[in-house]
Amino acid sequence: CGVGLTASSAEFFAAMGHQEKRFNGVVAVTCAISAAISCLGLNEIIDMIGPLLDACYPSTILLVVYYTFMPKYELGDRQRGLRWSMVVAFAFGLLHVLYVYNGQYGFQWDWFDAIYTKIPLAVYNFAWLPASAIAFLAGILFRRRATLQG
C-alpha cells in the first residue's frame, strides 16, 4: 500500500513538472518525509494532525448539509453564500487550531486564549456555526442588493 501511494504521488508531482527525472527525486523526498513522521509514533502524529483535521471539518459539514438540503441550487446566490460560509468556517477552524496548539505546545499566547474563549461557542469548537450562518446570508444578500441597485 505504501509503495503504491509513494509511486502515485511521485508520478503526480513529476507529471506536474513535465520531467521524468523528477520522479526519482519525489520518491526519495516522499520516503524521507514518511520515515521522519513514522519515527514520531502514533500518539504524537494524532496529537499533531488532529487539530488540523478539526480545521477542515466545519467546511466539510457545511458542504454536506448544503447539498443535502439544497441539491438543485448549484448556481447563483446560494452557492455564493456557501462559498462565503465555507471560507469563514475554515478561518474559524484555523483559529481553533491555534487555540489547541497554544495549549498543547505552550506558545504562551494568553492574549489569544482570552480573545478566542470570548467568541460564542468557541470552547466547544462551534464558533464557526453562527459566523458561517451570517456569512451565508451575507453572500446571498450582497449579490441581490448589487443586482437591485444595478
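Given the structure is predicted, the values throughout are model-derived calculations rather than measurements. (Residues numbered from 1 in each chain as written. Predicted model: local features only at pLDDT ≥ 70, side-chain atom pairs only at ≥ 80, totals over all residues. Heavy atoms only, no water.)

Visitor: Which residues make up the overall build of the protein chain, and what are the values?
Guide: Scanning the protein chain for helices and strands turns up six helices and zero strands. Put simply, the protein chain runs from its N terminus to its C terminus through helices and strands in the order α-α-α-α-α-α. Residues counted as buried form 22% of the 150 residues belonging to the protein chain. Contacts in the protein chain between residues at least 24 apart in sequence constitute 60% of all its contacts with a sequence separation of at least 6. Approximately 10,400 Å² of the protein chain is accessible, and the part contributed by carbon and sulfur atoms is 70%. (Helix = DSSP H or I, 4+ residues; strand = E, 2+ residues; numbered from the N terminus. Buried < 20%, exposed > 50% of the residue type's maximum accessible area, 1.4 Å probe, protein only. Contact = heavy atoms within 4.5 Å. Areas by Shrake-Rupley, 256 points an atom, 1.4 Å probe, with all protein chains shown as cover.)

Visitor: Describe the packing of aromatic side chains, naming the residues involved and giving the relevant values.
Guide: Inspection of every chain in the model, using the stated rule, returns 13 aromatic pairs. With 5.9 Å between their ring centres and 80 degrees between their planes, Trp 111 and Phe 112 make a pair best called edge-to-face. A relative accessible area of 55% places Trp 111 in the exposed class. Here a set of aromatic residues connected by ring pairs shows up, and it is made of Tyr 99, Tyr 101, Tyr 105, Phe 107, Trp 109, Trp 111, Phe 112 and Tyr 116. (Phe/Tyr/Trp six-rings, centres within 6.5 Å; stacked < 30°, edge-to-face > 60°.)

Visitor: Explain the nonpolar core to me, using residue names and the numbers behind them.
Guide: Side chains of nonpolar character tend, in soluble globular proteins, to be buried together. Leu 62, Tyr 66, Leu 82, Ala 89, Trp 128, Phe 136 and Ile 140 together form the largest nonpolar core, which totals seven residues. At three residues, the largest contribution of residues to this core is made by helix H6 (residues 128–149). In contact with Phe 136, other than residues within four places in its own chain, are Tyr 66, Met 70, Arg 78, Gly 81, Leu 82 and Ser 85. (Core = buried A, V, L, I, M, F, W, Y, C linked by side-chain atoms within 4.5 Å.)

Visitor: Tell me what's going on with a nonpolar patch on the surface, and back it up with residues and numbers.
Guide: The grouping of Leu 98, Tyr 105, Phe 107, Trp 109, Trp 111 and Ile 115 at the surface amounts to a nonpolar patch, some 610 Å² of accessible area in total. Those elements that place two or more of their residues in the nonpolar patch are helix H4 (77–105) and helix H5 (110–116). Relative to the assigned elements, Trp 109 resides in the loop between H4 and H5. (Patch = residues over 30% accessible without salt bridge, like charges linked within 9 Å, V, L, I, M, F, W, Y side chains within 5 Å. Salt bridge = Lys/Arg side-chain N within 4 Å of Asp/Glu carboxyl O.)

Visitor: Before we move on, could you go through H4 and cite the residues and values that matter?
Guide: The first and last C-alpha atoms of H4 sit 42 Å apart over 29 residues, in line with the 42 Å expected at 1.5 Å per residue. Buried within H4 are the following residues: Gln 79, Arg 80, Gly 81, Leu 82, Ser 85, Ala 89, Gly 93, His 96, Val 97, Tyr 101 and Asn 102. Gly 106, located one to two residues past H4, shows a positive phi value of around 65 degrees. (Expected span 1.5 Å × (residues − 1).)

Visitor: Give a detailed account of the confidence of the model for the protein chain, specifying residues and quantitative values.
Guide: Looking at the protein chain as a whole, its pLDDT mean stands at 83, while 87% of the residues score no less than 70. For the protein chain, the element scoring lowest by mean pLDDT is helix H1 (residues 2–17), at 77; H5 scores highest, at 91. (pLDDT = per-residue confidence, 0-100.)

Visitor: So what's going on with the side chain of Asn 102? Residues and values would help.
Guide: For Asn 102, the location among the structural elements is in helix H4. Among the residues examined, Asn 102 registers a relative accessible area of 4% and is labelled buried. A distance of 3.3 Å separates the side chain of Asn 102 from the backbone nitrogen of Gln 108, its partner in a polar contact. (Polar contact = N/O pair within 3.5 Å; in protein donor to acceptor, adjacent residues only side chain to side chain.)

Visitor: Describe in detail the packing of helix H3 (residues 42–69) against H4, supporting the description with residues and values.
Guide: Across the interface, H3 lies against H4 with an axial gap of 8 Å and an inter-helix angle of 160 degrees. By the angle class used here, H3 and H4 are roughly antiparallel. Seen from above, H3 lies across H4 with right-handed handedness. (Axes fitted to C-alpha atoms, helices over the stretch in contact; angles between N-to-C directions. Parallel < 35°, antiparallel > 145°, perpendicular 65-115°, else oblique. Left-handed = near helix turned anticlockwise from the far one by under 90°.)

Visitor: Got a sec to walk through unusual backbone geometry? Specific residues and values, please.
Guide: With a phi angle near 65 degrees, Gln 108 is a residue other than glycine that sits in the positive phi range. By the secondary structure assignment, Gln 108 is in the loop between H4 and H5. Given the relative accessible area of 61%, Gln 108 is considered exposed. For Asn 125, which is not glycine, the phi torsion reads 65 degrees and is therefore positive. Within the secondary structure layout, Asn 125 lies in the loop between H5 and H6. The buried category is assigned to Asn 125, whose relative accessible area is 9%.

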